[in-house]
Amino acid sequence: MAAKILANLIVLGSGVVLRAVSQAYRQAIQNASKTGVAQETVQNMARRGSKAMTVAEARLILGVTENTPMEEVLKKYEALFERNAKMGSFYIQSKVHRAKECLEQEYTREQEDKEQPSG
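Since this is a predicted model, take the numbers as computed values, not measurements.

> Let's hear about the layout of surface pockets: which residues, and what values?
Counted as a void, the largest pocket has a volume near 200 Å³. In terms of lining residues, the largest pocket is bounded by 15 residues, among which Arg59, Glu66, Thr68, Tyr107 and Glu110 are the most central. The element contributing the most residues to the lining of the largest pocket is helix α5 (residues 90-115), with six residues. When grouped by side-chain class, the residues that make up the lining of the largest pocket number six nonpolar, four polar and five charged.

> Give a detailed account of the packing of helix α4 (residues 70-87) against α5, specifying residues and quantitative values.
At a minimum axis distance of 9 Å, the contact between α4 and α5 shows a crossing angle of 165 degrees. Classed by the angle they form, the pair α4 and α5 counts as roughly antiparallel. At the point where α4 passes α5, the crossing takes the left-handed sense. Where α4 abuts α5, its residues Met70, Val73, Leu74, Tyr77, Leu80, Phe81, Asn84 and Ala85 lie against Ile92, Gln93, Val96, His97, Lys100, Leu103, Glu104 and Tyr107. Looking at side-chain class alone, the contact of α4 with α5 contains 11 nonpolar, three polar and two charged residues.

Calculation rules
Throughout, a residue's number is its position along its own chain's written sequence, starting from 1. Local features in a predicted model are, by the rule used here, given only for residues with pLDDT of at least 70; side-chain atom pairs are given and counted only at 80 or more, and totals for whole chains, interfaces and linings are based on all residues. Calculated side-chain values reflect all of the structure's heavy atoms, with hydrogen atoms and water omitted. Here a cavity means grid points, on a 1 Å grid over the protein atoms only, where a 1.4 Å probe fits yet cannot get out; a pocket means an open set of points with protein on both sides within 12 Å along at least five of seven lines; lining residues are those with an atom within 4 Å of a point. Grid points are joined across faces, edges and corners, and a volume is the space filled by probe spheres set on the points. In DSSP terms, a helix is any run of H or I states spanning at least four residues, a strand is any run of E spanning at least two, and both are numbered starting from the N terminus. Think of it as three bins: nonpolar holds Ala, Val, Leu, Ile, Met, Phe, Trp, Tyr, Cys and Pro, charged holds Asp, Glu, Lys and Arg, and polar takes everything else, Gly as well. A fitted line through C-alpha atoms serves as each axis, taken over the contacting stretch for helices, and the angle formed by two N-to-C directions is quoted from 0 to 180°. Each angle receives one of four descriptions, namely roughly parallel if under 35 degrees, roughly antiparallel if over 145, roughly perpendicular if within 65 to 115, and oblique otherwise. Crossings are sorted by hand: turned counterclockwise from the far helix by less than a right angle, the near helix makes the crossing left-handed, and turned clockwise it makes it right-handed. We call two residues contacting when some pair of their heavy atoms lies within 4.5 Å.

Printed below as a string of structure tokens:
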């Protein structure tokens, strides 16, 4: 008899807790959507989900700035790529290669923007 009462209390108690947690979760979602936090979180998750390298990360890897000419970027790339080909970190070598690709795309995009008339 005592076991049955205890089991009923556990079931009722867990139901109450479950309802409270789901209500709190719904309220948190509503608050987040009002402040725009939900959209920002989704955007951050999308960025993390994609393995694309950012331009800032590419510049850090190659040790260049925004104003560095593309020729200098290619020289830094070649030096880092060859150094890692000889002494052996394939991971770093691939990061260097992806950084160069990212900066080449950015450079091409900037050149196309300059060529288009702004009117």
